[in-house]
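Below are the chains, spelled out letter by letter.
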Amino acid sequence: MDNFKKAIRPKEEDFADFSCHLTQLKTFRIHQYNGFFFERNDNDVLLDKNIIICSIKSAMKNHKSIYNSAKNLQPLSSDDDGLFIYIPRNTILDTPLQILNVIKTFEPLKIEAKTLIIVGENSHLKLIYCDDTVNDNLSKTESKISVVLEKDSSLEYYKMENINNLSSIFTDSNFVLDTNCELKTFWLSINGGDIKNKLSVALDGQYARADLNGLYMVDRDQVVDNQVSVSHNQPNCHSNQLYKGILDDSAKAQFKGHIYVSQNAPYTEAIQNNRNILLTDKAVVNTQPFLEIYNDDVKCAHGATIGQLDQSAMFYMRSRGISERSAKMLLMFAFCTEILSKASIEELVDTLQDIIKRRLHGELSSCENCVLLCSTPCGTSDVDFI
Amino acid sequence: MSLLEIKNLHASINGKEILKGVDLTINKGEVHAIMGPNGNGKSTLASIIAGRDTFDVTQGEIIYEGKNLFDLSVEQRAAEGIFLGFQYPVEIPGVSIANFMKTAINEQRKYKGLDPMPSMEFMKLMEKQKKIVDLDTKLASRSVNEGFSGGEKKKNEIFQMAMLHPTLSILDETDSGLDIDALRVVASGVNALRSPEVSTILITHYQRLLDYIVPDFVHVLFEGKIVRTGPRELALELEEKGYEWLR
């Protein structure tokens, strides 16, 4: 249908010049290049804890029983060359894992990335997943990730999407939570021609909790689409969705939030919120809550707002001597960073706030090639605030 | 030269005339009280001086330190030394008072061609001015006015005034909704900032505030005009007789 060729396993040396923009953050890094996992056995800490990080092919061969324990989730076939991560039971990893999917193409490529993660019983993990294009060539990425949380485990999951304006990314993420599990997600769509995120969370054990946060910042003709779906399948589970967006120029966003409460899930609490700021008349948001409730004993709330910046706050700030431009920046920054309020990795939050600030100043998209990797700001801002 | 000169000011909103020819002159160091019934233009006058654009000025002029005020934007007026204490201070979730004040001070300094205030100096200034209105230390790290009580909001207005040390402060019903203790704190804050160089306009309904902040002049704004000007005793007379006799 199009000119996109399916990517083949690239040469590792083609990516030698890549450096992560979260450099000041200490993480255990796992590399995917054009969606292909590249193994590096360079981490003793992970080996000591019996954490398995390998290709899916190798997991099928060498860790068959573990791999099969997540069988009903596998969207994968045996020829898939994806990434497999297994965190054994009772493991606490203080340093976050970071998966870096680096996309570098020299012709229009279709890229597939597949990842399966199992977090064992009573284990606690923080994971940062970044998709970055490092040049300005066309690419289409389809990323599939499946995560199994075994009982009493927790996961704090950060997803950063920063791709060039010609490229698109579609992520399909599935999380399954057992009894008493806790999931927090922070979905940051910072730049990209066409971003589509499908996030499905199944609360399959009692007292499971999911806190799903998202931020999208789009301008020019960019398009972002978030489809979030939470299934309450057992009693006493909580879920919260908070997605916020700022749209400039002729950007378009869509939010579809689905809450499903099964008849087996009394004492459910589910909240959903989608808030948007449109900076121009041409920006468009389409927001659709969709609640499907088969139980009487539930607390559900949903809300959606689409608006402009608060004019009374603008006047209040200007009356103190703050310029119109800075007042806007302060309000937008405050709006955006609310979604990070529950994030626990402080250094990462600082970096993300900085990225958000630079994005709002227009520095990150002031030239077509410039994506987050560009460590020297292309634009200069005359506004400085804390 | 007077600090502020309002000449024959007419203003309307949605075609309805609110101010019908206001004349008022304020000199440096003076405190003026403006009283009058609700809906007679007191807050409109304050908003127009500060630069709110929801009103149409149809006639007249305002001269501030020799400059035509209508040539200046809201933020330029602030940097020139005009401060409005809001009747209903606005909540700004996610923006801390410290960040808000630092940005305001530094943008005012930039307007004047000065470098940003060094952080240490800013912190010291915050500490000092918080004491003037007895503002809780914890409040300063919170978002601007978010979840503040009525009294805390008004204290925060006076705190901001102390931080920005304006030449002309307009306090729009700063006393409304305050209990007597909060009123004393707010009034003593205003008094602490009084000097021969700065002027204050107090907009109020009650002469109670004027027991604590003694004005040099009392004006009555009635049906869009200043209908009477007198010494502070005028406030007592108004308290006793109401406004109808001025008609």
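Residues numbered from 1 in each chain as written. Chains lettered and ligands numbered in written order. Predicted model: local features only at pLDDT ≥ 70, side-chain atom pairs only at ≥ 80, totals over all residues. Heavy atoms only, no water.

### Some remarks on the sheet that holds strand β11 (residues 217-222) of chain B
Within a sheet, adjacent strands bond to each other through the backbone by hydrogen bonds, running parallel or antiparallel. Residues and elements named next belong to chain B. Let me state the cut-off plainly: Pairing between strands requires that DSSP locate at least two bridges from one strand to the other. Numbering of helices and strands runs from the N terminus, with a helix taken as a DSSP run of H or I at least four residues long and a strand as a DSSP run of E at least two residues long. A fitted line through C-alpha atoms serves as each axis, taken over the contacting stretch for helices, and the angle formed by two N-to-C directions is quoted from 0 to 180°. The contact criterion used throughout is that any non-hydrogen atoms of two residues lie within 4.5 Å.
Across the sheet, six strands lie side by side as β6-β9-β10-β3-β11-β12; this open sheet has mixed pairing. Each end of this open sheet is capped by a strand with a single partner; those strands are β6 (82-85) and β12 (225-230). The average undirected angle you get between the axes of adjacent strands in this sheet is 20°. Note: strand β9 (residues 168-172) against strand β10 (residues 199-203), five bridges, orientation parallel. Counted as the bridge partner of Ile170 is Ile201 from β10. The sheet contacts of helix α1 (residues 42-50) involve β3 (31-35), β6, β9, β10 and β11, and relative to β9 the element is tilted by about 145°.

### Some thoughts on the interface of chain A and chain B
Basically, it comes down to this: What counts as buried area is the accessible surface, traced by a 1.4 Å probe, that two parts surrender upon association, with contributions from both included. Definition used for salt bridges: Asp or Glu carboxyl oxygen within 4 Å of a side-chain nitrogen of Lys or Arg. Under this definition, polar contacts are N or O atom pairs within 3.5 Å; protein pairs additionally need one hydrogen-donor-capable and one acceptor-capable atom, and for neighbouring residues in sequence, both atoms have to be side-chain atoms. Just so you know the grouping, Ala, Val, Leu, Ile, Met, Phe, Trp, Tyr, Cys and Pro go in nonpolar, Asp, Glu, Lys and Arg go in charged, and all remaining residues, Gly too, go in polar.
Listed per partner, the contact involves 21 residues of chain A and 30 residues of chain B. Overall, the association of chain A and chain B removes approximately 2100 Å² of surface from exposure, summing both partners, and the carbon and sulfur fraction of that is 64%. Along the contact surface separating chain A from chain B lie two salt bridges. Note that Arg318(A) is salt-bridged to Glu75(B), the shortest N-O span being 2.6 Å. The interface formed by chain A and chain B holds 11 residue pairs in polar contact (both at pLDDT 80 or more) in total. Mapped by element, the contributors of at least two residues to the side of chain A that touches chain B are α4 (311-318) and α5 (324-337) of chain A. Broken down by element, the side of chain A that touches chain B gets its largest block of residues, six residues, from α4(A). When the residues that make up the side of chain A that touches chain B are grouped by side-chain class, the tally is 11 nonpolar, five polar and five charged.

### Thoughts on the side chain of Glu161(A)
Residues and elements named next belong to chain A. With respect to the helices and strands, the residue Glu161 is situated in strand β10 (residues 154-162). A distance of 3.3 Å separates a polar atom in the side chain of Glu161 from a polar atom in the side chain of Lys159. Here Glu161 is in contact with Asp131, Thr171, Trp187, Leu188, Ser189, Ile190, Asn191, Ile195 and Asn197, once residues within four sequence places are set aside.

### Examining the packing of aromatic side chains
Each aromatic ring pair is characterised by the separation of its centres together with the angle its planes make. Selection criterion: Two aromatic rings, drawn from Phe, Tyr or Trp (for Trp, its six-membered ring), form a pair once their centres lie within 6.5 Å of each other, and the interplanar angle then sorts them: stacked below 30 degrees, edge-to-face above 60, tilted otherwise. Whether a charge lies above a ring is judged from NZ of Lys or CZ of Arg, which has to be within 6 Å of the ring centre and within 35 degrees of the ring normal.
On inspection of all chains with the given rule, the structure shows 11 aromatic pairs over all chains. A connected cluster of aromatic rings, assembled from ring pairs, spans Phe315(A), Tyr316(A), Phe86(B) and Phe100(B). Positioned over the ring face of Phe335(A) is Lys244(A), at 4.2 Å from the centre of the ring.

### Some remarks on the environment of Tyr212(B)
Residue and element names in this part refer to chain B. The cut-off we apply is this: Exposed residues in this analysis have more than 50% of their type's maximum accessible area, buried residues have under 20%, and partly exposed residues fall in between, with area computed by a 1.4 Å probe over protein chains only.
Along the chain, Tyr212 falls in helix α7 (residues 208-212). The class of Tyr212 is partly exposed, set by a relative accessible area of 26%. In sequence terms Tyr212 and Ser188 are 24 residues apart; their C-alpha atoms lie 7.5 Å from each other. Discounting chain neighbours no more than four positions away, the residues touching Tyr212 are Ile180, Leu183, Arg184, Ala187 and Asn191.

### Observations regarding empty space enclosed by the protein
Note the threshold: Residues are called lining when one of their atoms sits within 4 Å of a cavity or pocket point, these points coming from a 1 Å grid over the protein atoms alone, where a cavity is a set in which a 1.4 Å probe fits but cannot get out and a pocket is an open set with protein on both sides within 12 Å along at least five of seven lines. Grid points are joined across faces, edges and corners, and a volume is the space filled by probe spheres set on the points.
Going through the model one piece at a time under the given rule, you end up with two cavities of 30 Å³ or more. In terms of lining residues, the largest cavity is bounded by Leu171(B), Thr174(B), Asp175(B), Val186(B), Val190(B), Leu202(B), Ile203(B), Leu209(B) and Ile213(B). Mapped onto the lining of the largest cavity, the elements with two or more residues apiece are α6 (180-192) and β10 of chain B. Class assignment of the residues belonging to the lining of the largest cavity gives a composition of seven nonpolar, one polar and one charged. When its volume is computed, the second largest cavity comes out at roughly 40 Å³. Around the second largest cavity, the lining residues are Ser319(A), Ala50(B), Val74(B), Arg77(B), Ala78(B), Ile82(B), Phe83(B) and Leu84(B). For the lining of the second largest cavity, the secondary-structure elements that each account for two or more residues are α2 (74-79) and β6 of chain B. Tallied by class, the residues present in the lining of the second largest cavity amount to six nonpolar, one polar and one charged.

### Notes on the packing of helix α5 (residues 150-164) of chain B against α6(B)
Residue and element names in this part refer to chain B. Here is the rule: Orientation is classified from the angle alone, with under 35 degrees giving roughly parallel, over 145 giving roughly antiparallel, 65 to 115 giving roughly perpendicular, and any other angle giving oblique.
The geometry of α5 relative to α6 is characterised by a closest axis approach of 10 Å and an angle of 5° between their N-to-C directions. Considering their axes alone, α5 and α6 lie roughly parallel with respect to each other. From α5, Lys154, Lys155 and Ile158 reach across to α6, where they touch Val185, Val186, Gly189 and Val190. Residues that form the contact of α5 with α6 fall into these classes: four nonpolar, one polar and two charged.

### Looking at unusual backbone geometry
One non-glycine residue with positive phi stands out, namely Asp249(A), at about 50°. By the element assignment, Asp249(A) lies in the loop between β16 (238-247) and β17 (252-261).

### Side note on the layout of surface pockets
As a volume, the largest pocket reaches approximately 350 Å³. Along the walls of the largest pocket sit 20 residues, with Ile277(A), Asp310(A), Leu331(A), Phe335(A) and Pro93(B) positioned nearest its centre. Listing elements by their share of the lining of the largest pocket, those giving two or more residues are β18 (268-278), β20 (298-307) and α5 of chain A together with β7 (92-96) of chain B. When grouped by side-chain class, the residues that make up the lining of the largest pocket number nine nonpolar, five polar and six charged.

### Observations regarding the packing of α4(A) against α5(A)
Packed helices, taken two at a time, are described by the angle their axes make and the gap between the axes. All names here are of chain A. Short version of the rule: Helix crossings fall into two classes, left-handed where the near helix is turned counterclockwise from the far one by less than a right angle and right-handed where it is turned clockwise.
Here α4 crosses α5 at 125°, and the two axes come no closer than 9 Å. Between α4 and α5, the interaxial angle falls into the category oblique. In the crossing of α4 with α5, the sense of the turn from one axis to the other is right-handed. Contact residues: α4 offers Ala313, Met314, Met317 and Arg318, while α5 offers Glu324, Ala327, Lys328, Leu330 and Leu331. In terms of residue class, the contact of α4 with α5 is made up of six nonpolar, no polar and three charged.

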